[in-house]
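# Analysis of the macromolecular model
Each chain is listed here by its residues.
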Amino acid sequence: MTTANKNLSFFDKKSIPNASNFKFGVVVSKWNEKITNNLLDGVLDTLYSFNVVQSNIVVFEVPGSFELIYGAKKINEKNVDAIICLGSIIKGETKHFDFISNCVANGIKDLNIHLDVPVIFGVLTDDNEQQAIDRSGGKYGNKGVEAAITAIKMVNLGK
Ligand code: DLZ
C-alpha cells in the first residue's frame, strides 16, 4: 500500500454528486488536536463546497481516537446519512500506537458491518508529527478532504 506522492486533497469534481440533501455526522478526536482541527476544517470546507448546509452537519468531539467508535455509535442516533471519523495516531515509545490503530480500524470496520450508514476512516496513523502535518493540510493534502469526498460518494451509493 503506497501513498508516496499521493495528494489526499485531489479529486475529480465532476465525479462527485450533489450533496445538498445529505446529512453528515463528524466525530473528531481531540488527541493531537492541532492535526485533527485541520482534518475537521478539510471536512467542513469540502462538504460546504458540495452544498451541504451547516444544519445538516453534526460534530461530536471525543478525547482520543479510541473513543471514535463509541462516538460514531452515538452520532448515528442523529439520523445522519454517513459518519466521518477523524483522528491522528502518532507512534510513540510504547506499543500504544499498534493497539489503538488496530482497535480503531477494526472498530470502524465493525460499525460498517452493523450500522446502516457508511462510517469513513479519516484517521491518520503516522510514524511522527511531520508525517501527520504533511497529511492534514500540508504537502500531501488533507485526509479530511479525502474523507469528506468518500462520505459523499458512499451516501450516493446507498441512495
Ligand atoms: C493514550 C493515547 C496515546 C498514547 N496516543 C494517542 C494518539 O497518538 N492518538 C490518539 O488519538 N489517541 C491517543 N491516545 C488516547 C487514546 O486514544 C484514548 O483516548 C485513551 O487511551 C483513553 O481511552
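Structural data are supplied above this passage.
So, a few notes on the structure that sits alongside this text. Each chain carries its own residue numbering, running from 1 in the direction its sequence is written. Per-residue local features are limited, in this predicted model, to residues with pLDDT of at least 70; the limit for side-chain atom pairs, both in listing and counting, is 80 or more; totals at the level of whole chains, interfaces and linings are taken over all residues. Note that the side-chain values use all heavy atoms of the structure and ignore hydrogens as well as water.

### Considering the nonpolar core
Definition of nonpolar core: a set of buried residues of the types Ala, Val, Leu, Ile, Met, Phe, Trp, Tyr and Cys, connected through side-chain atoms within 4.5 Å. Working definition: with a 1.4 Å probe on protein chains only, accessible area under 20% of the residue-type maximum means buried, over 50% means exposed, and in between means partly exposed. Grouped together as the largest cluster of nonpolar side chains are 28 residues, with contacts concentrated most on Phe 24, Val 43, Leu 47, Ile 84, Leu 86 and Ile 152. For helices the rule is a DSSP run of H or I covering at least 4 residues; for strands it is a run of E covering at least 2, with both sets numbered from the N terminus onward. Counting only elements with at least two residues in this core, the list comes to strand E1 (24–29), helix H1 (33–49), strand E3 (82–90), strand E4 (119–126) and helix H5 (143–158). Ranked by the residues each element gives to this core, the list is headed by H5, at 7 residues. In this structure, Ile 152 is in contact with Ile 16, Pro 17, Ala 19, Phe 22, Phe 24, Leu 47 and Phe 50, ignoring residues within four places of it in sequence. Ranked by size, the runner-up nonpolar core spans 19 residues in total, among them Cys 85, Ile 89, Ile 108 and Leu 111. Only heavy atoms matter for contacts: two residues are in contact if any of them lie within 4.5 Å across the pair.

### Considering H1
What a helix is expected to span follows from its residue count: subtract one and scale by 1.5 Å. If you check H1, its first and last C-alpha atoms are 24 Å apart, about what 17 residues at 1.5 Å a residue would give, namely 24 Å. Listed in full, the buried residues belonging to H1 are Ile 35, Thr 36, Leu 39, Leu 40, Gly 42, Val 43, Leu 44, Thr 46 and Leu 47.

### With respect to the pattern of salt bridges
Salt bridges are defined by distance alone: a side-chain nitrogen of Lys or Arg within 4 Å of a carboxyl oxygen of Asp or Glu. Summed over the entire model, instances satisfying the criterion amount to 9 salt bridges. Taking the shortest distance from any N to any O, the salt bridge between Glu 33 and Lys 30 comes out at 3.4 Å. Residue Glu 33 is classed as partly exposed on the basis of its relative accessible area of 40%. In the salt-bridge network here, residues are joined through shared partners; they are Lys 30, Glu 33 and Glu 61.

### A short note on the site of the ligand
In the vicinity of the ligand, the contacting residues are Ser 29, Trp 31, Asn 32, Gly 64, Ser 65, Phe 66, Glu 67, Ser 88, Ile 89, Ile 90, His 96 and Ile 100. Polar contacts here mean pairs of N or O atoms no more than 3.5 Å apart (in protein, one a potential hydrogen donor and the other a potential acceptor; neighbouring residues in sequence count only if both atoms are side-chain atoms). Between the ligand and Trp 31, the relevant distance is 3.4 Å, taken from a nitrogen atom to a side-chain nitrogen or oxygen of the residue. Separating an oxygen atom of the ligand from a side-chain N or O atom of Asn 32 is a distance of 3.4 Å. We get accessible surface area from the Shrake-Rupley algorithm with a probe of 1.4 Å; when it comes to residues, only the shown protein chains can shield them. In the complex, 72% of the free accessible area of the ligand, which totals 480 Å², lies under the protein chains. Grid spacing is 1 Å over the protein atoms alone, the probe is 1.4 Å, and a cavity is where that probe fits but cannot get out, while a pocket is an open set with protein on both sides within 12 Å along at least five of seven lines and lining residues have an atom within 4 Å of a point. Cavities and pockets are treated as containing a molecule whenever more than half of the molecule's atoms lie within 2 Å of their grid points. When each cavity is represented as a set of grid points, the ligand is found to reside in the second largest pocket. Listing elements by their share of the shell around the ligand, those giving two or more residues are E3 and helix H3 (96–114). Proximity is defined per residue: if any heavy atom of the residue lies within 4 Å of a molecule or strand, that residue is considered near it.

### As for the layout of surface pockets
There is about 300 Å³ of room inside the second largest pocket. Lining the second largest pocket are 17 residues, with Trp 31, Ile 89, Ile 90, His 96 and Ile 100 positioned closest to its centre. Elements supplying a minimum of two residues to the lining of the second largest pocket: E3 and H3. Grid points are joined across faces, edges and corners, and a volume is the space filled by probe spheres set on the points.

### A few points about the pairing of strand E2 (residues 57–62)
Two faces belong to every sheet, and in a regular strand the side chains alternate between them. Two strands are said to pair when DSSP picks up at least two bridges between them. Summarising the sheet, E1 and E2 pair through 6 bridges and their orientation is parallel. Bridge pairing in E2 links Ser 29 to Val 62. Here, the term right-handed applies to a crossover whose path from the first strand over the helix to the second runs clockwise when the strands point away from the viewer. Regarding the hand of the β-α-β motif, the stretch spanning E1, H1 and E2 is right-handed.

### Here we look at the packing of helix H2 (residues 68–75) against H3
Two elements in contact, H2 and H3, have axes whose closest approach is 9 Å; the angle formed by their N-to-C orientations is 20 degrees. The angle between H2 and H3 places the two elements in the roughly parallel class. When you trace H2 past H3, the crossing you get is right-handed. On the side of H2, the interface is formed by Leu 68, Ile 69, Ala 72 and Lys 73, while H3 contributes Cys 103, Val 104, Gly 107, Ile 108 and Leu 111. Looking at the contact of H2 with H3 residue by residue, the classes come out as 7 nonpolar, 1 polar and 1 charged. Angles run from 0 to 180 degrees between N-to-C directions of axes, and those axes are lines fitted to C-alpha atoms, restricted for helices to the stretch in contact. Reported orientations rely on four angle classes, namely roughly parallel under 35 degrees, roughly antiparallel over 145, roughly perpendicular from 65 to 115, and oblique for the rest. Two helices cross in a left-handed way if the nearer one is turned anticlockwise from the farther one by less than a right angle. They cross in a right-handed way if the turn is clockwise. Residues are grouped as follows: Ala, Val, Leu, Ile, Met, Phe, Trp, Tyr, Cys and Pro are nonpolar; Asp, Glu, Lys and Arg are charged; every other residue, Gly included, is polar.

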